[in-house]
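What follows is each chain in one-letter form.
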Amino acid sequence: MGGEVRVDLATQGATVDIRANPGPRYRFGNIFVATDANPQVNPRRIIEQAQGSVKKGEWFTESALSEAQARVFRMGVFGAVKVNRGAPDREARTVPVVVDVREAPFRSVRAGGGIGLDAARQEIRVLGEWTHRNFLGGLRKLTLTSRVGYAFIPNITAAFDRVDTDGDGVPDAPNETTPHGPIFQVSAQFEQPRFLARDLRLQTSLTAERGLEQAYNFIGGRARAGVVWQPRADLSLSPTYNLELYNLRGQRGSVDQTTAPALVLGCRDTTTSDRCNISVSYLEQFIELNRRNDSLAPTQGYYASLSFQEGGKFLGGDYDFVRVLPDVRGYYTFGPSERFTLAARLRLGTLLTSVEGGVRTDSAIVNRFFSGGGASMRGFNSRRLSPMNVLNLDAEQPSDRVVPVGGNSLVETSVEVRARLISELSLAVFHDSGLTGSGALTFGPRQDDPLKESGRIFGDYHYQAVGVGLRYNTVVGPIRLDVARRLNIGRPLPIFFSAPGQTTTIGTIGGLGDCFGLGVKKQTITGPDGTPRTVNVEREYAGAPEGLCTFFLSIGEAF
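Residues numbered from 1 in each chain as written. Predicted model: local features only at pLDDT ≥ 70, side-chain atom pairs only at ≥ 80, totals over all residues. Heavy atoms only, no water.

## Points about the nonpolar core
Among the nonpolar cores identified, the biggest contains 25 residues, and Tyr 216, Leu 248, Leu 265, Ile 278, Val 280 and Ile 365 are the most heavily contacted of them. Broken down by element, this core gets its largest block of residues, four residues, from strand S15 (residues 275-290). With sequence-adjacent residues up to four places away left out, Val 280 is seen in contact with Asn 242, Leu 243, Glu 244, Tyr 319, Phe 321, Ala 364, Val 366 and Asn 367. (Core = buried A, V, L, I, M, F, W, Y, C linked by side-chain atoms within 4.5 Å. Buried < 20%, exposed > 50% of the residue type's maximum accessible area, 1.4 Å probe, protein only. Helix = DSSP H or I, 4+ residues; strand = E, 2+ residues; numbered from the N terminus. Contact = heavy atoms within 4.5 Å.)

Encoded structure:
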């Protein structure tokens, strides 16, 4: 290394010349492991993983060391991993690699609790997890998880709501139109590393659960088996077989949507209006490429995934379908001191069912798309961006008269600019758009049929929202507060009107057009008895009957 500096006194400038003579290029040598005194993990397994990135005889690069470190850490049994270069062999022109690891406890227990608060659904829950990372030896991993809680729709007052049934003006019976009840999920997951090959893992899981959603409640179970091929730390491909068995029941209301299960739930057995059993059996191929610098709070890089599902009666299920869901996200940081981050996301989904007798069959509600929520289209509350079914036309609030039943098409887009204010506090402004249509995802001209139009990109049912938020970074991810306001672009949500023995029709319901209860217009009308009274004015607008504004508080970035 050498050089010289030439100074021009007349211009008060300087020219700097640097001369560098690169030395000989080195190749990777042997891999050595530094570990605990009595290790349970065989050093050969560590070397085998490191060799996926560091191959003896190939040219030395720092990036290969970083990738090898990620591969070893991904084994899931080390509390600390560091991959360094050793002292170079100048004669052989090779650099040895030293993998320094510290084993973590092979058994762990975790417990916690939480709450979920949303305008459409609230829940309290406790969680527990037990993990054995060397189950039966060979670094096989067994994980048992449980989540037990209680859910309220739309909020916790549902547990105490009562109605007058005998006409004396005194509430004397529980209000069954406001559902609430226990929920749980118990699962066992088993993973076999190095299944037939170094980068191939076998994964199986078995889950039992009970859930409570706005349109239905369910109890059932899921089984899943497949492999994960991960040739690089940022790339994985997972083909799996999935079997899901559910007992579904629609929520009760003054208009009982369980009398039309084929429409609301997608049941194959339409002879009963109270509940039905369904079986969903399908193959899935999931591809994921994760080049983000941080999964919890990314500021650079990109992420892409693609899910294919093929369900069929030949697999033992009740439904023939194809479901496709790609997801693309990007992040770019810029400005003074890298103060600003631009983040963007695009999700597209379509669900195609079989055609029988010239008519496309219904899909199961558990396979449909729902949108809305803090990690989705923030112009709607959780799962409220969806085709709706009438539940209770007597409800005072327009949004309480309908429940979301999901759709066969999905579009979600988000563009967000995050600006660091002070220390760990950031400000974000965003624009979200989204649709969930009854028909398959389509492009092209406007359709007169609401079923087809509801799945058209940039159509009458493709909604827009803008908002602002705050983020505070913590060790578990950013605590996020978002407030969004939906723009009045588009039509009200499509509403299914159904009742026993009647033809199902599609229409709309007006809303109050309020923001957190503000901006509601009033009018005075005269009742049947001649007494004047004040009522809310209902009107049609984009996304009615849902309110125009939403509020979310959660942990983790929206995407």
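Now that the structure is up, let's keep going.
## A closer look at helix H2 (residues 62-73)
Relative to the 16 Å expected for 12 residues at 1.5 Å per residue, H2 spans 17 Å between its end C-alpha atoms, a close match to the ideal helical length. Those residues of H2 not exposed but buried are Ala 64, Leu 65, Ala 68, Arg 71 and Val 72. Axial view of H2: buried residues confined to an arc of 120°, hence all on one face. Away from its buried face, by an angle of more than 90 degrees, H2 presents the exposed residues Ser 63 and Ser 66. Contact partners of the buried residues in H2: strand S3 (27-34), helix H1 (43-50), strand S4 (78-85), strand S5 (94-103) and strand S13 (216-232). (Expected span 1.5 Å × (residues − 1). Arc of directions from axis to C-beta.)

## Examining the packing of H1 against H2
Axis separation between H1 and H2 bottoms out at 8 Å; the angle between their running directions is 135°. The orientation of H1 relative to H2 falls into the category oblique. Remark: the crossing between H1 and H2 carries right-handed chirality. Mapping the contact onto sequence places Ile 46, Gln 49 and Ala 50 in H1 and Ala 68, Arg 71 and Val 72 in H2. (Axes fitted to C-alpha atoms, helices over the stretch in contact; angles between N-to-C directions. Parallel < 35°, antiparallel > 145°, perpendicular 65-115°, else oblique. Left-handed = near helix turned anticlockwise from the far one by under 90°.)

## Comments concerning the confidence of the model for the protein
Taken as a whole, the protein shows an average pLDDT of 89; of its residues, 94% reach a score of 70 or greater. Mean pLDDT in the protein bottoms out at helix H3 (residues 261-264), which sits at 54, and peaks at strand S16 (residues 301-311), which reaches 98. The low-confidence segment residues 253-262, where pLDDT is below 50, has 36 contacts with residues more than four positions distant or belonging to other chains. (pLDDT = per-residue confidence, 0-100.)

## Describing the packing of aromatic side chains
This model, assessed by the stated rule, comprises 10 aromatic pairs. Taking 5.9 Å as the distance between ring centres and 35° as the angle between the ring planes, the aromatic pair formed by Tyr 216 and Phe 218 counts as tilted. Phe 218 carries the same exposure label as Tyr 216, and that label is buried. Considering the side-chain rings of Phe 218 and Tyr 246, the 5.6 Å spacing of their centres and the 85° angle between planes classify their relative orientation as edge-to-face. Taken together, the residues Phe 218 in strand S13 and Tyr 246 in strand S14 (residues 235-250) connect sequence positions 28 residues apart. (Phe/Tyr/Trp six-rings, centres within 6.5 Å; stacked < 30°, edge-to-face > 60°.)

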